[in-house]
Amino acid sequence: MAATRALVVSLTVAFVLVECGLAVTYSARLIHRFSDEAKALRVSRSGVWPERWSLEYYRMLASSDVERQKMKLGGGYQYLFPSEGSATMSLGNDFGWLHYTWIDIGTPSVSFLVALDAGSDLLWVPCDCVQCAPLSASYYSSLDRDLNEYNPSGSNTSKHLSCSHQLCELGPNCKDPKQPCPYSVNYYSQNTSTSGLLLEDILHLAASSTDASNHSVRAPVIIGCGRKQSGGYLSGVAPDGLMGLGLGEISVPSFLARAGMVKNSFSFCFDEDGSGRIFFGDQGLATQQSTQFLPSDGKYITYIAGVESCCVGSSCLEQTSFKALVDSGTSFTFLPREAYERVAEEFDRQVNATKSSFEGYPWQYCYRTSSQKTPSVKLEFASNSSFTVRNPIFVIYGSQGVVGFCLAIQQADGDMGTIGQNFMTGYRMVFDRENLRLGWSQSNCQDLSDGKRMPLTSPPSGSSPNPLPTTEQQSAPGGHAVAPAVAERTPSKSSALSILISSQLCLANFLPPLLLMLHQLVLTI
């Protein structure tokens, strides 16, 4: 487990030399790899120490983790995905145009339909509700079963995190370090938040192994018992919870990678019909295009990519470079003002249709036509990599069929853009956290394009066509459509852990290999 301050583990190993009746005690102190003592040792050799959350920090973290993961994985799981299947689905206006998947939590397991959000960290579900969204299927046109509320006392494997836990951000505010850890996360969308208590429980997953067989996996994770939600979480967005997939230590991908279950990476695939897939451990194809994630103020706290230029048709436009959040928790795409104006104006110049407006639609560049033929939109990144948007428009239907379309891009409030779900459609998007890279390759979301079929489970039946999002939903202040964007990353805190290990061994036979083992642990911890 990565920690932010010294983690000193005291070991006392007792050896009894039976043959001569001599008792010998050996003790050692294990030094955490990012402790002050470890820094002193490494700085003396290299002369530098990486700043926390810097690229060098992650590389050092990954270099020592790789061997540990190899030892833990053995044959290993190639991919992990929710126990109810890898399928994700978009449920339209009812659910804020986000992608969702069914997950199972607890013992016995209970199902939750959670939104997938790469822009935040915490997995939370409605729990012991004081203020939660309606959970009855009759409230939503897209559901064929009621949603569930998590009951910690109903799970045999549920336990509260104490305020002294290293991942309890609000721990310093607690009166008693043994009391349950509270949490509160505010999202960028107006007045949208979740708060409650942190617990540990089992997330049920299925595994695809290298031998093509599937296995059930029980993964301990931290869950937010969401007692009180506000804003969009009360009006249709993520009524049954949200799975944060960010870089924070509290996120599900972080737990799976630290446990050595899979590689430190995951992928989304969003198809044009609203279906999709999610896989933990997927690092994509060797032939995929990719770009490096960028830090924010020197720290890697969320997924940011640098767009060097935007192209419309064959014209690559000057002064259209910007940084963008890559966020599955945002329905549509936002560009900074200058890039937005240049792209929209060039699109308008090239499109062969009459500019018009449609009441209730949030986009400025709309066209009244039965044709869907439009100029292409492409994003160019460093290292000659590029991303061609499969479908940059939102098609508008009338009683007689297609009546027009809009360029589904809006202007962001600040200088940071957002690459939302609509731009990711038709691609297998790989969030390679181990190498801090974003990868992509075209996909129909049914196979991995490398000769391997995706493990599938059909999504719930009864889905209805997706209605248009309302103006209020698409025009939420903060420029992030109806979806939560980036939640504040939960900072890590470490705590000292003392472990006492006693064994009765033969000194002459076991001391040399034990010393070698301790030496290897110091290098890898």
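Residues numbered from 1 in each chain as written. Predicted model: local features only at pLDDT ≥ 70, side-chain atom pairs only at ≥ 80, totals over all residues. Heavy atoms only, no water.

**So, the overall build of the protein**
A count of helices and strands for the protein gives seven helices and 30 strands. Counting only residues that meet the buried cut, the protein has 53% of its 525 residues in that class. For the protein, restricting intrachain contacts to residue pairs at least 6 apart in sequence, the fraction spanning at least 24 positions comes to 69%. In the structure as shown, the protein presents an accessible area of about 22800 Å², 50% of it carried by carbon and sulfur atoms. (Helix = DSSP H or I, 4+ residues; strand = E, 2+ residues; numbered from the N terminus. Buried < 20%, exposed > 50% of the residue type's maximum accessible area, 1.4 Å probe, protein only. Contact = heavy atoms within 4.5 Å. Areas by Shrake-Rupley, 256 points an atom, 1.4 Å probe, with all protein chains shown as cover.)

**A look at the UniProt feature "active site" (unreviewed entry) in the protein**
UniProt's entry tags D117 and D327 with the feature "active site" (unreviewed entry), counted in the numbering of this structure. In sequence the annotated residues extend across 211 residues, while in space they remain close, none of their C-alpha pairs exceeding 6.7 Å. Of the polar contacts made by the side chain of D117, one reaches the side chain of S120; its length is 2.7 Å. Inspection of the secondary structure assignment puts D327 in the loop between β19 (322-326) and β20 (333-335). Among the residues examined, D327 registers a relative accessible area of 1% and is labelled buried. Separated by 3.2 Å, the side chain of D327 and the backbone nitrogen of G119 make a polar contact. (UniProt positions renumbered as here; feature names shortened; annotations may be inferred. Polar contact = N/O pair within 3.5 Å; in protein donor to acceptor, adjacent residues only side chain to side chain.)

**Topic: the state of the cysteines**
In the structure shown here, the tally under the stated rule is seven disulfides. Across the disulfide from C269 sits C445; the S-S distance is 2.1 Å. Taking the sign of the S-S torsion, -85 degrees for the link of C269 and C445, the bridge is left-handed. On the criterion of sequence distance, the pair formed by C269 in strand β13 (residues 265-270) and C445 in the loop between β30 (437-442) and α6 (471-474) is long-range, its members being 176 residues apart. The same class applies to C269 as to C445, namely buried. Distance from the sulfur of C310, which forms no disulfide, to the nearest cysteine sulfur (C311) is 7.4 Å. Residue C310 is classed as buried on the basis of its relative accessible area, which comes to 1%. (Disulfide = S-S within 2.5 Å.)

**Comments concerning helix α4 (residues 337-350)**
Here α4 spans 20 Å end to end across 14 residues, near enough to the 20 Å set by a 1.5 Å rise per residue. For α4, the complete set of buried residues consists of A339, Y340, V343, A344, E346 and F347. One side of α4 holds all its buried residues, which, seen down the axis, span an arc of 165 degrees. (Expected span 1.5 Å × (residues − 1). Arc of directions from axis to C-beta.)

**Some words on the sheet that holds strand β25 (residues 393-398)**
The strand order β21-β22-β26-β25 describes an open sheet built from four strands, whose pairing is antiparallel. Each edge of the sheet is formed by a strand with only one pairing partner; in this case those strands are β21 (354-356) and β25. Averaged over neighbouring strand pairs, the angle between their axes works out to 40 degrees when direction is ignored. Contacting β21, β22 (366-368), β25 and β26 (401-407), α4 runs over the sheet at an angle of about 140 degrees to β26. (Pairing = 2+ DSSP bridges. Axes fitted to C-alpha atoms, helices over the stretch in contact; angles between N-to-C directions.)

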